[in-house]
Amino acid sequence: MAYGVLEDRYRSGMNEDEAIELAVRALKSAMKRDAGSGEGIHVVVITKDKYQEPGEEALRQYLGKNSA
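Values in this document were obtained by computation on a predicted structure and should not be read as measured data.

Parameters at a glance
- Residues numbered from 1 in each chain as written.
- Predicted model: local features only at pLDDT ≥ 70, side-chain atom pairs only at ≥ 80, totals over all residues.
- Heavy atoms only, no water.
- Helix = DSSP H or I, 4+ residues; strand = E, 2+ residues; numbered from the N terminus.
- Buried < 20%, exposed > 50% of the residue type's maximum accessible area, 1.4 Å probe, protein only.
- Contact = heavy atoms within 4.5 Å.
- Areas by Shrake-Rupley, 256 points an atom, 1.4 Å probe, with all protein chains shown as cover.
- Salt bridge = Lys/Arg side-chain N within 4 Å of Asp/Glu carboxyl O.
- Patch = residues over 30% accessible without salt bridge, like charges linked within 9 Å, V, L, I, M, F, W, Y side chains within 5 Å.
- Core = buried A, V, L, I, M, F, W, Y, C linked by side-chain atoms within 4.5 Å.

Trainee: I'm lost on the overall build of the protein chain in this one. Help?
Mentor: In terms of regular secondary structure, the protein chain is built from three helices and two strands. Listing every helix and strand of the protein chain by position from the N terminus yields α-α-β-β-α. Each of the 68 residues in the protein chain was classed as buried or not, and the buried ones make up 24%. For the protein chain, long-range pairs separated by at least 24 residues make up 45% of all intrachain contacts whose partners lie at least 6 apart in sequence. In the structure as shown, the protein chain presents an accessible area of about 5,100 Å², 47% of it carried by carbon and sulfur atoms.

Put into structure tokens, the structure is as follows:
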């Protein structure tokens, strides 16, 4: 399920916020349709310059944007 969302909505040149939002949308879609996908979402941003785990508040904002 997640792969389908990623393949459909991914585009080259996405900024960090767009990429996180897409990842959250894909995971929510998988969780909604497949009980084996689990219940939690952990997001990590990895670039050549950083490794960052957005805080709970930031993740809640991304979760609120998506109604997948």
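Trainee: Help me understand the pattern of salt bridges, please; the structure alone is not making it clear to me.
Mentor: Any two side chains of opposite charge can pair if their charged atoms end up close together. Going through the model one piece at a time under the given rule, you end up with three salt bridges. Of the charged contacts in the structure, one is a salt bridge between D8 and R9, with a shortest N-O distance of 3.9 Å. With a relative accessible area of 46%, R9 lands in the partly exposed category. Two residues, K50 and E16, come together in a salt bridge whose shortest N-O distance is 3.0 Å. Remark: E16 occurs in helix 2 (residues 16–33) and K50 occurs in the loop between strand 1 (45–46) and strand 2 (51–52); sequence separation between them is 34 residues. By relative accessible area, K50 is classed as partly exposed at 33%.

Trainee: What exactly am I supposed to notice about the environment of P54 here?
Mentor: By the secondary structure assignment, P54 is in the loop between strand 2 and helix 3 (56–65). Taking the C-alpha atoms as reference points, P54 and I20, separated by 34 residues in sequence, lie 9.6 Å from one another. Setting aside chain neighbours within four positions, we find P54 in contact with I20, V43, V44 and V45.

Trainee: Please explain a nonpolar patch on the surface as it appears in this structure.
Mentor: Together, V44, I46 and Y51 make up an exposed nonpolar region whose accessible area comes to about 340 Å². One can find Y51 in strand 2.

Trainee: Help me out: how do you make sense of the nonpolar core in this one?
Mentor: Most often, soluble globular proteins have nonpolar side chains that are buried together. If you look at the biggest cluster of nonpolar residues, it comprises seven residues: I20, V24, I41, V43, V45, L59 and Y62. Taken together, the elements giving at least two residues each to this core come down to helix 2 and helix 3. With six residues, the next largest nonpolar core counts A2, V5, M14 and A26 among its residues.

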